[in-house]
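Architecture at a glance
Listed below, chain by chain, are the residues.
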Amino acid sequence: MSERRVVVIGGGLAGITAAIGLRDAGVAVTLLESRPRLGGAASSYARAGLMIDNGQHVFLRCCTSYQELLARLEVTGQVAIQDRFDVTVLSGAGDRPARLRRTGLPSPLHLAGALAGYPLLSLAERARVGRAALAFRFADPASAALDRQPLGDWLAARGQDERARRRLWDLFIISALNIGGDDANVGLAATVIKTALLGHRGAADIGMATVPLGRLHGGATADLLGRLGAEVRLGARAGAIERLAGGGFRISLSRAGATAPDEVGTVEASTVDAGAGPGGLSILADGVVLAVPAGQAARLAASAGVTTAARFEQLGYSPIVNVHVIYDRQVMKLPFVAAVDSPVQWVFDKTRQSGLQSGQYLAVSLSAADDYVDMPTAALRRLFLPALEKLFPAAAGARITDFFVTRERRATFRQAPGSGALRPGAATSVPGLTLAGAWTDTGWPDTMEGAVRSGHNAARELTAKLRSLPSALGAASRGGLDRAWSGAS
Ligand SMILES: Cc1cc2nc3c(=O)[nH]c(=O)nc-3n(C[C@H](O)[C@H](O)[C@H](O)COP(=O)(O)OP(=O)(O)OC[C@H]3O[C@@H](n4cnc5c(N)ncnc54)[C@H](O)[C@@H]3O)c2cc1C
């Protein structure tokens, strides 16, 4: 196969992974990212001398594809994973704290002791939780019947009353699936429980970045893609994809955010390409990986004639809000805690990672944040400062030196009943146009692991497809569009 050229649209973890996979397969790659940085939904920004993550991101030891990407980026040393799954759960109702810590016993016995000693449920409730957890062993995540069922009903049918669902299941389901525990998709919940809690005994050990996410994913990726010879175009927004009659695609860049033609190699002024519209920029490719969020993908895929594109948006979105509080002193001793009977869900100590020199920086991570995403900052302050004081009495005597909020309205797709049937695979009805993104059908929730897996899926699918497709470069030469690639390095 002569060298083929692919345009990857979207520089999140899915697009990054696809670009690396395609380069490894010998395909020429141009990656277009509309923002001025790589990394997509897992990013950071500078604020008052600190690096702030747009939202706390954690991964589990079972997220093997994500960790392989980190290894490939040579940043494994910039994340830390617990030796053993260990979560302290604080109660806003004044109950004594609980510690869920696994042992070295084989799974599922590794968590039996933690559950047996969980003081926030009665002994009978703990026994019933154990039985329901084990029932997940027989749940097939790919089953259409499970896809349609809300988790609350499934758990209730297995003896999980309101208290058990709120005080234990919600802790992990809301953060893993970014949706209210009762409303979650049972198939995805089964994937999480089976892989993380019933899998290898170390599967649920929690990992997180020790440096800002933007550095972990962004900087290292640009270096690697450069070494691999892929072209990365930042500030380049794809506006439409046209399927060419002779094979291949013409990708038009929208004016706003498009890279100036004299700064780029493969993006040409469209005076040579009438199809891009007056003054527009366009780029030709044999294949496309569309690695953008579902809504953008629906629009771009429709422009290329993908018949199912309109369905992508039916997945919907779910927000995540992070409430950031900087105290003049340490108020929380642990690196992170979870909470029940409190508006607080999980709290992370971001002091070192952000570069704060004195005091303590806590980020309260709020998943399924529909109630908070439009709440004014002052109201969030009134709600969360007293809630934090209940969990950390030392906060009452501390001075707040900064308080701010990050809101991600479209943090993940809505992992609700029925979403499994809506997630498309990598292949589309248009040969050579391939989908990636954590929202596509990976079998995993919308997570960094899912994003990386989707990138692998897309790279595999497209590499195989390119063998049987005509070359757009050849067609372009025949049709007088050869200059579209004239600046290619
Ligand atoms: C606040 C928050 C907290 C989260 N917490 C966790 C967590 O703890 N653990 C976990 O595993 N996951 C977490 N996630 C989910 C995780 O971040 C995502 O699943 C993953 O990063 C998605 O990657 P992606 O590549 O599929 O999509 P994205 O990261 O959304 O990448 C898509 C990229 O496409 C670009 N783009 C869009 N349109 C165009 C266009 N027309 N032309 C060119 N480029 C375009 C976008 O700018 C973006 O960079 C969290 C997400 C958020 C927002």
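In this text the structure is predicted, and so the values were computed from the model without any measurement.

Across the chain, pLDDT averages 91, with 91% of residues at or above 70. Under a pLDDT of 50 for its full length, residues 475-489 has, in the predicted model, 30 contacts with residues more than four places off or in other chains.

On to empty space enclosed by the protein. Under the counting rule described, the total for this entry stands at 1 cavity of 30 Å³ or more. Roughly 30 Å³ of internal volume is contained in the largest cavity. Along its surface, the largest cavity is lined by Ala-427, Thr-428, Val-430, Pro-431, Gly-432, Leu-433, Thr-434, Glu-461, Leu-462 and Lys-465. For the lining of the largest cavity, the elements supplying multiple residues, two or more each, are β21 (433-435) and α15 (448-466). If you tally residues by element for the lining of the largest cavity, the top one is α15, at 3 residues. Residue classes in the lining of the largest cavity are distributed as 5 nonpolar, 3 polar and 2 charged.

To continue, consider the sheet that holds strand β1 (residues 5-9). Across the sheet, which stays open at both edges, the 5 strands sit in the order β10-β2-β1-β15-β21 with parallel pairing between neighbours. Bordering the open sheet on either side are β10 (231-234) and β21, each of which pairs with just one other strand. Averaged over all pairs of adjacent strands, the angle between strand axes in this sheet comes to 20°, irrespective of strand direction. Here strand β2 (residues 28-33) pairs with β10 via 4 bridges, running parallel. The partner of Glu-33 across the bridge, within β10, is Leu-234.

Take the pattern of salt bridges next. Counted under the stated rule, the structure contains 24 salt bridges. Linking Arg-166 and Asp-182 is a salt bridge whose minimum nitrogen-to-oxygen distance equals 2.7 Å. Separated by 16 residues along the polypeptide, Arg-166 in helix α7 (residues 162-177) and Asp-182 in the loop between α7 and α8 (186-197) bring together distant segments of the chain. Across the salt bridge formed by Arg-233 and Glu-231, the nearest N and O atoms sit 2.9 Å from each other. We classify Arg-233 as buried; its relative accessible area is 14%. Judged by relative accessible area, Glu-231 falls into the buried class, the value being 8%. Salt bridges here are not isolated pairs; linked through shared partners, they connect Glu-162, Arg-165, Arg-166, Asp-170 and Asp-182.

Between helix α2 (residues 64-72) and helix α9 (residues 213-228), the shortest axis-to-axis distance is 10 Å and the interhelical angle comes to 65°. Along the contact surface, α2 presents Tyr-66, Leu-70 and Arg-72, while α9 presents Leu-216, His-217, Leu-224 and Leu-228. Of the residues contributing to the contact of α2 with α9, the split by class is 5 nonpolar, 1 polar and 1 charged.

Let us now look at the pairing of β1. In terms of burial, β1 is a largely internal element, 5 of the 5 residues being buried. Across the two faces of β1 the burial is the same, with Arg-5, Val-7 and Ile-9 and Val-6 and Val-8 all buried. In terms of strand pairing, β1 meets β2 through 5 bridges, oriented parallel. Residue pairing in the sheet places Val-8 in a bridge with Leu-31 of β2. In this sheet, strand β15 (residues 287-290) lies alongside β1 in parallel orientation, the contact comprising 4 bridges. Bridge pairing in β15 links Ile-9 to Leu-290.

By secondary structure assignment, the location of Arg-4 is in the segment before β1. With no salt bridge to any partner, buried Arg-4 finds its closest opposite charge in Asp-286, at an N-O distance of 4.5 Å. A polar contact is formed between the side chain of Arg-4 and the backbone oxygen of Leu-469, at a distance of 2.9 Å. When residues no more than four places from it in sequence are discounted, the contact partners of Arg-4 are Val-27, Ala-28, Asp-286, Leu-466, Leu-469, Pro-470 and Ser-471.

A word on helix α10 (residues 294-303). Along α10, the positions that sit buried rather than exposed are Ala-294, Gly-295, Ala-297, Ala-298, Leu-300 and Ala-301. Along its buried surface, α10 packs onto β1, β11 (238-243), β15, α11 (309-312), β16 (317-327) and β21. Downstream of α10 by one or two residues, Gly-305 has phi in the positive range, about 90°.

A word on the site of the ligand. Near the ligand lie 33 residues; those nearest to it are Glu-33, Ala-41, His-57, Val-58 and Asp-446. The separation between an oxygen atom of the ligand and a polar side-chain atom of Glu-33 is 2.6 Å. Ser-34 places a main-chain nitrogen or oxygen 3.1 Å from a nitrogen atom of the ligand. Here the ligand loses 92% of its free accessible area of 1000 Å² to cover by the protein chains. Mapped by element, the contributors of at least two residues to the shell around the ligand are α1 (13-24), β2, α10, β20 (400-413) and α15. The residue makeup of the shell around the ligand, split by class, is 17 nonpolar, 11 polar and 5 charged.

Scoring rules and cut-offs
- Residues numbered from 1 in each chain as written.
- Predicted model: local features only at pLDDT ≥ 70, side-chain atom pairs only at ≥ 80, totals over all residues.
- Heavy atoms only, no water.
- pLDDT = per-residue confidence, 0-100.
- Contact = heavy atoms within 4.5 Å.
- 1 Å grid on protein atoms, 1.4 Å probe; cavity = no way out; pocket = protein on both sides within 12 Å on 5 of 7 lines; lining within 4 Å.
- Points joined across faces, edges and corners; volume = space filled by probe spheres on them.
- Helix = DSSP H or I, 4+ residues; strand = E, 2+ residues; numbered from the N terminus.
- Nonpolar A, V, L, I, M, F, W, Y, C, P; charged D, E, K, R; others polar.
- Pairing = 2+ DSSP bridges.
- Axes fitted to C-alpha atoms, helices over the stretch in contact; angles between N-to-C directions.
- Salt bridge = Lys/Arg side-chain N within 4 Å of Asp/Glu carboxyl O.
- Buried < 20%, exposed > 50% of the residue type's maximum accessible area, 1.4 Å probe, protein only.
- Lys, Arg positive; Asp, Glu negative; His and termini not counted.
- Polar contact = N/O pair within 3.5 Å; in protein donor to acceptor, adjacent residues only side chain to side chain.
- Near = heavy atom within 4 Å.
- Areas by Shrake-Rupley, 256 points an atom, 1.4 Å probe, with all protein chains shown as cover.

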